Amino acid sequence: MRGWRNAVQETAASKPLFLTIYATVILGTVVSSFYVFSAIYSPTASPTRSISSSWLLAPPLSQNGVSLSSNISQPSQHRSNKLRPIWEAPSRTSKMPRLKSFRLTKELVAQRAKDNVIIVTFGNFAFMDFILTWVKHLTDLGVSNLLVGAMDAKLLNALYWKGIPVFDMGSHISTDDVGWGSPIFHKMGRQKVLLINAILPFGFELLMCDTDMVWLKNPLPYLARYPDADILTSSDQVVPTVVDDRLADWKQVGAAYNIGIFHWRPTPPAKKLAKEWIDMLLADDRIWDQNGFNELVRRQTGPAFDDESGIFYSYDGNLKLGILPESIFCSGHTYFVQALHQQFRLQPYALHTTFQYAGTEGKRHRLREAMVFFDPPEYYDAPGGFLSFRPSISKSLLLDGEHNLESHFSLINYQMRQIRSALGLASVLNRTLVMPPLWCRLDRLWFPHPGALLGSMTRQPFLCPLDHVFEVRESWLDVQLCQEGTEDCHASSNTSRPGLLRFPKRSSEETLKKVFSSFKDVKVIQFSSMQDAFLGFTDKTREEKFRKRVKQYVGIWCCVENHIPGHIYYDMYWDEKPGWKPVPPKTPEDDHPPF
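What counts as what
- Residues numbered from 1 in each chain as written.
- Predicted model: local features only at pLDDT ≥ 70, side-chain atom pairs only at ≥ 80, totals over all residues.
- Heavy atoms only, no water.
- pLDDT = per-residue confidence, 0-100.
- Contact = heavy atoms within 4.5 Å.
- Phe/Tyr/Trp six-rings, centres within 6.5 Å; stacked < 30°, edge-to-face > 60°.
- Helix = DSSP H or I, 4+ residues; strand = E, 2+ residues; numbered from the N terminus.
- Buried < 20%, exposed > 50% of the residue type's maximum accessible area, 1.4 Å probe, protein only.
- Lys NZ or Arg CZ within 6 Å of the ring centre and 35° of its normal.
- Pairing = 2+ DSSP bridges.
- Right-handed = clockwise from strand over helix to strand, strands pointing away.
- Expected span 1.5 Å × (residues − 1).
- Disulfide = S-S within 2.5 Å.

Caption draft 1: Main features of the confidence of the model for the protein. Averaged over all residues, the pLDDT of the protein equals 81, while 73% of them reach at least 70. Ignoring residues within four places in sequence, the model shows residues 476-484, a span with pLDDT below 50, making 42 contacts including any to other chains. Here residues 488-497 is modelled with pLDDT under 50, and outside its nearest four sequence neighbours on either side it reaches 23 contacts, counting other chains as well.

Next comes the structure, spelled out in structure tokens:
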């Protein structure tokens, strides 16, 4: 200290100008030191200080780290302020940046955010195609303020080279599909809550999404209509509470608030909820993240925030919550079963593949049924080609009589017999079957019900998702038909256009055999009726393998009221069992698929 004082005195005696310079340097050093020590020891310096140490398994979150964008290739001090457009991949001649470059930072969120809003999803490599679909819909809508959290290195690498803004969550989750309800599934759910706690202190609005949903319309203008809400969340409500695009009537929403789509603002009540939520989950690993959220916010419901918005007070009496309308922020039921947006003539914002029964493959198929899944072109070029048909269904099967178990199974079994024949033909021809639309009379749920949920707008009959009847293994496409007597509808190996062969109704076995003998160069075969098209295999060993395989394709209907068990197994070969009736198993020994 004496040296600094002598230097100042000498300079003051000789050159006043240098005195000013020295004083400025000393003052700047003191101020800088004060700022550095304040940043290090301040209780608010780290935005994640309140988060459990389990998050520290990830690379440490830093407000001064390297920005994560799709163009990371240079140190932060040389980085351009202009971000590379999403989907514009880095040069293949460049090297993959170091892992620490992919840390979640405030700088990263600031660069990707727009109007102070960031949209986030996350997952592991098993959901790569879902993530690409999620990103594709947003970018097609002109939305680019998004980030994807990678739970494993394989996904991180893949997304980076596709030009997707990605950050490392450091979760070290398996790259495989973990399955709904599994311990790893619940661990993944906790990562969502940790992310919310990490991002909210950065000061940005956060739209958090599951990967098994897609955006059909830019949601940001809608969310901006409700600036007073701390949180806007979707729900599992199936009985409509409004018939327009207003927020749901919170007094009528009895179903769970679904955390697959929800928007958080960085307000004190929201931060308080996020902190208590993660503390609850980390204290008891048996609590499902969504149940924990519902338990907390439903501690208090009401009063209304005002007379118009639909926002209400919840949680601790200070949190302002709004429920997104069930008809346009759609669940798997309001979209695929009720089609509420069509009945109300509204344009949906989002589709979430809930209320679904065939695991991850079923979710893929649901999105493909809606023609909103992002598949590479080769998906639509199956080896050997396709076989498609349209079932012939009478009016009586669809509309006559009551909608009950007997009429429902009569309708399904009639279609199933035709599908079985089509599967046999596809097997003989080594083709991929294009599944037809499927008609149902009764809804499917996981609990007893009268056939259609009371209060819902389920129309009977309705085009039901394939996973209501079949255990979806792979996804198939849609169909076209021809009518006997019309142009180009005749049994022949000649094609009306390259790769297409069409058959009239009631083609004989002899006619089919003649055509099959010359099918080598045919890409697609279409039938107008399948009731008697497939008459069996000549190779009994092959037939037995086929029967064993297709018996496993069908699932269950659920559930009969006042009966345990209440489910009824569909049977691909129901017509070979005289007197077959749709009844649930009578004993535990009978409770097995008809394999």
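Caption draft 2: Up close: the packing of aromatic side chains. Going through the model one piece at a time under the given rule, you end up with 25 aromatic pairs. Between Phe 262 and Trp 277, the aromatic rings sit 6.2 Å apart at their centres with planes inclined by 80°, giving edge-to-face as the arrangement. With a gap of 15 residues between them, Phe 262 in strand β7 (residues 257-264) and Trp 277 in helix α8 (residues 268-283) connect regions that are remote in the sequence. Residue Phe 262 is classed as buried on the basis of its relative accessible area, which comes to 0%. A ring pair is formed by Phe 329 and Tyr 349, whose centres lie 5.2 Å apart and whose planes are at 5°; its orientation type is stacked. Of this pair, Phe 329 sits in strand β11 (residues 329-330) while Tyr 349 sits in the loop between α11 (340-343) and β12 (350-352), placing them 20 residues apart in sequence. For Tyr 349, a relative accessible area of 8% puts it in the buried group. Here a set of aromatic residues connected by ring pairs shows up, and it is made of Trp 215, Tyr 222, Tyr 226, Phe 329 and Tyr 349. When the ring centre of Phe 374 is taken as reference, the NZ or CZ atom of Lys 136 above it lies at 5.5 Å. Against the face of Tyr 379 rests Arg 368, its NZ or CZ located 4.2 Å from the ring centre.

Caption draft 3: Seen up close, the pairing of strand β2 (residues 146-150). Of all five residues in β2, five are buried; the element is thus mostly enclosed. Alternating residues of β2 divide into Leu 146, Val 148 and Ala 150 and Leu 147 and Gly 149, and every residue in both groups is buried. In this structure, strand β1 (residues 117-123) lies alongside β2, joined through five bridges in parallel fashion. Of the residues in β2, the one forming a bridge with Gly 123 is Ala 150. In terms of handedness, the path from β1 via helix α4 (residues 128-140) over to β2 forms a crossover that is right-handed. The pairing of β2 with strand β3 (residues 166-168) spans three bridges and is parallel. From the neighbouring strand, Val 148 faces β3, where its bridge partner is Val 166. Crossover connection from β2 via helix α5 (residues 153-161) to parallel β3: handedness right-handed.

Caption draft 4: Examining α4 more closely. For α4, spanning 13 residues, the distance from its first C-alpha to its last is 18 Å, which sits close to the expected 18 Å at 1.5 Å a residue. Taken as a whole, α4 has its buried residues at Met 128, Phe 130, Ile 131, Leu 132, Thr 133, Trp 134, Val 135, His 137 and Leu 138. Those residues of α4 hidden inside the fold are in contact with β1, β2, α5, β4 (205-209), β5 (213-215) and α12 (359-369). Just downstream of α4 lies Gly 142, where phi reads positive at about 80°.

Caption draft 5: Inspection of the state of the cysteines at higher detail. Within this structure, the stated rule accounts for two disulfides. Bridging Cys 440 to Cys 464, the disulfide has an S-S length of 2.0 Å. Residues Cys 440 and Cys 464 are joined by a disulfide whose S-S torsion is about 60°; by sign, that bridge is right-handed. Placement of Cys 440 in strand β15 (residues 438-440) and of Cys 464 in strand β16 (residues 462-464) is noted, with a sequence separation of 24 residues between them. Grouping residues by exposure puts Cys 440 and Cys 464 together as buried. The disulfide that involves Cys 558 links it to Cys 559, with 1.4 Å between the sulfurs. You can call Cys 559 buried: its relative accessible area is 8%.

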